[in-house]
Amino acid sequence: MMALLDGKVIMIIGVGRGLGKEVAKAVLAEKGSVIMGDLMEEQLKEIQNEIDPGHERSFARYMDITDKDSYVELMKQGVEKFGKIDGLIQVAAYDRSIGGLLDGNLADWDKVSDINIKGVLEIVKEAVPYLQKDDGGSIVFIGSTAALVPSDQFLQLSYGIGKGALITATHYLSRELGPLGIRVNNIGPGYMWGPVLEAAFKERAEHYGVSVEEIMEPIKQQMSLKRFASDEDVAKACVFFCSDYAKNITGQTLYVDAGFVLH
């Protein structure tokens, strides 16, 4: 059976130790190549060495989502190595804005907007000339169930609004870019079990002086399947949207959340 991404080149924005790394691994597992960018260049290089020791199917470079020159150069150098870009997966986001309207820091809203909305769309705009092709290109946003379901445990109003904007962008861009052969879809992860969520739960547990299990269990019970989806689960959904299996799917949001948005 042919691998889902055999011969395809996928650019991933935000390749850290959590979801970004799993997305890159999933692309490589399906015989694709990856162009990877991240703020933490040393960690990025460590990840590259781990998942593709010979660097035969990967290119990695420092990139800041708010610095146009850095991601333009990432695209340029990636294309110099692989000759093309078939898909763009937007993982990078600012998620440290905590609280609601009354207890949140409204100054964070500018940062959320600059990174999670404006920064994301600026990168898409630069990538369009590469993705426009006869056999079609694919854009995948990483949204969040926070766009639809406020969590009592982790109230993040500005972050949720920013991810909600990506749902709207998915609809609009699918119409605008469809005639160019570019598909645009969005994935809405819930609580993804992986290094980032594990660290967040530990931090929360220490803050309240309780066990990690006491933090986890009430959240788990909100899910239809009574378990957490993983970074790997979301990464596989990214692969699907970039593959020919999804060649006629655009403008959609897929929730990979173990049934969290149903409640």
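Scroll up to find the structure.
Residues numbered from 1 in each chain as written. Predicted model: local features only at pLDDT ≥ 70, side-chain atom pairs only at ≥ 80, totals over all residues. Heavy atoms only, no water.

K.L.:
So what's going on with the overall build of the protein chain? Which residues, and what values?
P.N.:
When you go through the protein chain residue by residue, the secondary structure sums to eight helices and nine strands. Computed over C-alpha atoms, the radius of gyration of the protein chain comes to 18 Å, within 12% of the 18 Å expected from 2.2 N^0.38 for 263 residues, which places it in the range of a compact globule. Expressed as lengths along the three principal axes of its C-alpha atoms, the size of the protein chain is roughly 50 × 40 × 40 Å. A total of 263 residues make up the protein chain; the buried ones form 51% of that total. In the protein chain, once contacts between residues fewer than 6 apart in sequence are set aside, the share between residues at least 24 apart is 73%. Total accessible area on the protein chain is roughly 12700 Å²; 52% of this is exposed by carbon and sulfur atoms. Charged side chains in the protein chain number 27 positive and 38 negative. The centres of these two groups are separated by 5 Å. (Helix = DSSP H or I, 4+ residues; strand = E, 2+ residues; numbered from the N terminus. Rg over C-alpha atoms; globule rule 2.2 N^0.38 Å. Buried < 20%, exposed > 50% of the residue type's maximum accessible area, 1.4 Å probe, protein only. Contact = heavy atoms within 4.5 Å. Areas by Shrake-Rupley, 256 points an atom, 1.4 Å probe, with all protein chains shown as cover. Lys, Arg positive; Asp, Glu negative; His and termini not counted. Charge placed at Lys NZ, Arg CZ, Asp CG, Glu CD.)

K.L.:
Break down the state of the cysteines for me, with residues and values.
P.N.:
A complete count under the given rule lists zero disulfides for this structure. Cys238 carries a free sulfur, and the closest cysteine sulfur to it, the one in Cys242, is 6.9 Å from it. (Disulfide = S-S within 2.5 Å.)

K.L.:
Residue-level account of a nonpolar patch on the surface, with values.
P.N.:
Residues Leu101, Leu102 and Leu106 make up a contiguous nonpolar surface patch of about 380 Å² in total accessible area. When its relative accessible area of 56% is taken as the criterion, Leu101 is described as exposed. (Patch = residues over 30% accessible without salt bridge, like charges linked within 9 Å, V, L, I, M, F, W, Y side chains within 5 Å. Salt bridge = Lys/Arg side-chain N within 4 Å of Asp/Glu carboxyl O.)

K.L.:
Just give me the short version of the nonpolar core, but keep the residues and values in it.
P.N.:
Ile12, Val23, Met36, Ile89 and Ile187 are the most contacted members of the largest nonpolar core, which has 32 residues in total. Top element by residues in this core is helix α8 (residues 231-242). It accounts for seven residues. Other than its neighbours up to four places away in sequence, Val23 contacts Ile12, Ile89, Val91, Ala235 and Cys238. One finds Met75, Ile115, Ala127 and Ala169 within the second-largest nonpolar core, a separate group that totals 31 residues. (Core = buried A, V, L, I, M, F, W, Y, C linked by side-chain atoms within 4.5 Å.)

K.L.:
Could you give an account of the pattern of salt bridges, naming the residues involved and the relevant values?
P.N.:
In the structure shown here, the tally under the stated rule is 12 salt bridges. Lys68 is paired through a salt bridge with Glu126; the nearest N and O atoms lie 3.2 Å apart. Of this pair, Lys68 sits in helix α3 (residues 68-82) while Glu126 is found in helix α4 (residues 108-131), placing the two residues 58 residues apart along the sequence. Exposure remark for Lys68: the relative accessible area of 43% places this residue in the partly exposed category. Of the charged contacts, one joins Glu198 and Lys202 as a salt bridge, the two residues approaching to 3.8 Å between their closest N and O atoms. Of this pair, Glu198 and Lys202 are both found in helix α6 (residues 195-208), four residues apart, which corresponds to roughly one turn of the helix. Salt bridges sharing partners connect three or more residues here, namely Arg17, Lys21, Glu46 and Glu50.

K.L.:
I'd like to hear about helix α5 (residues 157-177), residue by residue, with values.
P.N.:
Taking 1.5 Å per residue as the helical rise, α5 with its 21 residues ought to reach 30 Å, and the 30 Å between its terminal C-alpha atoms agrees with that figure. In the core, the buried residues of α5 are packed alongside α4, β5 (137-142), β6 (182-189) and β9 (253-256). (Expected span 1.5 Å × (residues − 1).)

K.L.:
Can you explain the packing of aromatic side chains? Please cite residues and give values.
P.N.:
Applying the stated criterion to the full structure yields six aromatic pairs. Here a set of aromatic residues connected by ring pairs shows up, and it is made of Tyr191, Trp193, Phe201, Phe228 and Phe260. (Phe/Tyr/Trp six-rings, centres within 6.5 Å; stacked < 30°, edge-to-face > 60°.)

K.L.:
Explain the sheet that holds strand β1 (residues 9-13) to me, and be specific about the residues and the numbers.
P.N.:
In any sheet, the strands associate via hydrogen bonds between backbone groups, in a parallel or an antiparallel arrangement. Read across the sheet, seven strands follow the order β3-β2-β1-β4-β5-β6-β9 without closing on themselves; strand pairing throughout is parallel. Strands at the two margins of the open sheet, each flanked by one partner only, are β3 (58-62) and β9. Averaged over all adjacent pairs, the angle separating strand axes in this sheet is 15°, with direction ignored. Summarising the sheet, strand β4 (residues 87-90) and β5 pair through four bridges and their orientation is parallel. In the sheet register, Gly87 faces β5, and the bridge partner there is Ser138. Strands β5, β6 and β9 of the sheet are contacted by α5, whose axis makes an angle of about 165° with β6. (Pairing = 2+ DSSP bridges. Axes fitted to C-alpha atoms, helices over the stretch in contact; angles between N-to-C directions.)

K.L.:
Talk me through the pairing of β5; I want residue IDs and the actual numbers.
P.N.:
Of all the six residues making up β5, six are buried; the element is thus mostly covered by neighbouring parts of the structure. Burial along β5 is two-sided: Gly137, Ile139 and Phe141 and Ser138, Val140 and Ile142, pointing in opposite directions, are all buried. In this structure, β5 lies alongside β6, joined through six bridges in parallel fashion. Bridge assignment links Gly137 to a residue of β6, and that residue is Ile182.

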